[in-house]
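Read off the chains here:
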Amino acid sequence: MLSWEGVSEFVAVVEQGGFTAAAKRLSISTAQVSRQVSALEARLATKLLYRTTRRVTVTDLGQVYYRMCRQALDGLQEAELAVTSQQQVPRGKLRMTAPVAFGEKTLAPLINDFTIQYPELEVELFLTNQKLDLVAEGYDLAIRLGQLKDSTLMARRLASRTLYVCGARSYLATYGEPHSLSELERHNCLRGTLDYWRFEEDGRARDIRVAGSLHCNSGWVLLDAALKGIGLVQLPDFYVLRYLQSGDLIPVLERFRRSDEGVWAVYPQNRHLSPKVRLLLDYFVEALSVQDSAPSV
């Protein structure tokens, strides 16, 4: 039979950064924490922590074991909340990942508002444009944009996003407005991580290769260049909508605009969708729907 002895102590040491702080959190003695963790290492025949007089560091295997134990403890906590009818109060740690720009501009303010409502919830948000392995990295969910690839993950659509091709009035006054996709080869197209732009023609998706004087993996850099009249840009609405509404940027090739893409929450299918995750996703859906109802271009 599996034993839980030492697991809570080990997790506390990792999260608090030392035995003394872990003992204070658990309201037990430092010696007891040390004994329990040593017994756990002996039972596993594995070194989980490196101890010196100044600091405690986690071994590589210790990191793996910690992530799995954290998930297990979170599951136990959720089970207790479920049977005590407290599941509508989000609490504990929630680990999530999201794309950098969308996370900074849109999600982070919503998460901050959510944690004000539920101060017992601790959110760990990691912003990256890489597709992380949620199970291996111990994440509760990820936010992903656009078309999802086939996977074993469960998905919930939170909102939509629109891709716009646009340019400043000064650029269009100098170089003219393109009216067909073929005309893009005569324009300075400011590129992001892809060397093509996405369109739709006669109901079918089309990818058009573009080229220009600027190639950058930051949408904010591309937006700044477009606002300064350097070239055309294709960016999602959360970058450009305010400038389209103000007239600082002018949309072009609108009849070729790609159908709206999804903003998705994905999570492991073998993991119970905890009340805190479900409430956060419901909050996202409501808040993002309000943003989507803003005046159109």
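Scroll up to find the structure this text is about.
No experiment lies behind these values; they were computed from the predicted model shown. (Residues numbered from 1 in each chain as written. Predicted model: local features only at pLDDT ≥ 70, side-chain atom pairs only at ≥ 80, totals over all residues. Heavy atoms only, no water.)

## Notes on the overall build of the protein
Turning to step 1, where the next piece is worked out: In terms of regular secondary structure, the protein is built from 10 helices and 13 strands.
Turning to step 2, where the next piece is worked out: Its C-alpha atoms put the protein at 75 × 40 × 35 Å along the principal axes.
Turning to step 3, where the next piece is worked out: Classification of the 297 residues of the protein by burial places 44% in the buried group.
Turning to step 4, where the next piece is worked out: Of the contacts formed within the protein by residues at least 6 apart in sequence, a portion of 71% connects residues at least 24 apart.
Turning to step 5, where the next piece is worked out: Computing the positive centroid from 35 side-chain charges and the negative centroid from 34, the protein places the two 5 Å apart. (Helix = DSSP H or I, 4+ residues; strand = E, 2+ residues; numbered from the N terminus. Buried < 20%, exposed > 50% of the residue type's maximum accessible area, 1.4 Å probe, protein only. Contact = heavy atoms within 4.5 Å. Lys, Arg positive; Asp, Glu negative; His and termini not counted. Charge placed at Lys NZ, Arg CZ, Asp CG, Glu CD.)

## Quick word on the nonpolar core
Turning to step 1, where the next piece is worked out: In this structure, M96, L141, I143, L158, V240, L249 and F284 are the most contacted members of the largest nonpolar core, which totals 43 residues.
Turning to step 2, where the next piece is worked out: Among the elements that line this core, the one with the most residues is helix α10 (residues 275-292), at eight residues.
Turning to step 3, where the next piece is worked out: The contact partners of L158, leaving out residues within four places of it in the chain, are I143, V263, W264, A265, L281, F284, V285 and L288.
Turning to step 4, where the next piece is worked out: Ranked by size, the runner-up nonpolar core spans 18 residues in total, among them V7, V14, L48 and C69. (Core = buried A, V, L, I, M, F, W, Y, C linked by side-chain atoms within 4.5 Å.)

## Some remarks on the sheet that holds strand β11 (residues 232-236)
Turning to step 1, where the next piece is worked out: Strand order across the open sheet formed by four strands is β8-β11-β7-β12, with mixed pairing between neighbours. Only two strands of the sheet have a single neighbouring strand rather than two, namely β8 (189-190) and β12 (249-252).
Turning to step 2, where the next piece is worked out: Pairing of strand β7 (residues 163-168) with β11 involves four bridges; the strand directions are antiparallel. In the strand pairing of β11, Y164 is matched with L235.
Turning to step 3, where the next piece is worked out: Here helix α8 (residues 219-227) sits on the sheet and contacts β7, β8, β11 and β12; the angle it forms with β11, its principal contact strand, is near 140°.
Turning to step 4, where the next piece is worked out: Sheet strands touched by helix α9 (residues 237-246): β7, β11 and β12. Its angle to β11, the strand with the most contacts, is close to 115°. (Pairing = 2+ DSSP bridges. Axes fitted to C-alpha atoms, helices over the stretch in contact; angles between N-to-C directions.)

## Examining the sheet that holds strand β6 (residues 153-161)
Either a parallel or an antiparallel arrangement is found when strands of a sheet pair, and the pairing is made through backbone hydrogen bonds.
Turning to step 1, where the next piece is worked out: Pairing in this open sheet of five strands is mixed, and the strands run β4-β3-β5-β13-β6 from one edge to the other. Two strands lie at the open edges of the sheet, namely β4 (121-127) and β6, each paired on one side alone. Along the sheet, successive strands turn relative to each other by an average axial angle of 20°, direction set aside.
Turning to step 2, where the next piece is worked out: Strand direction decides the pairing type here: strand β3 (residues 92-98) and strand β5 (residues 141-145), joined by two bridges, are parallel. Looking at the pairing, M96 lines up with L141 of β5.
Turning to step 3, where the next piece is worked out: On the sheet, helix α5 (residues 100-117) packs against β3, β4, β5 and β13 (261-268) and is oriented at approximately 175° with respect to β4.

## Observations concerning the packing of helix α1 (residues 7-16) against helix α3 (residues 30-44)
Turning to step 1, where the next piece is worked out: Contact geometry of α1 with α3 gives a least axis separation of 8 Å together with a crossing angle of 110°. By the angle between their axes, α1 is roughly perpendicular relative to α3. On the side of α1, the interface is formed by V7, E9, F10 and V13, while α3 contributes V33, Q36, V37 and L40. (Parallel < 35°, antiparallel > 145°, perpendicular 65-115°, else oblique.)

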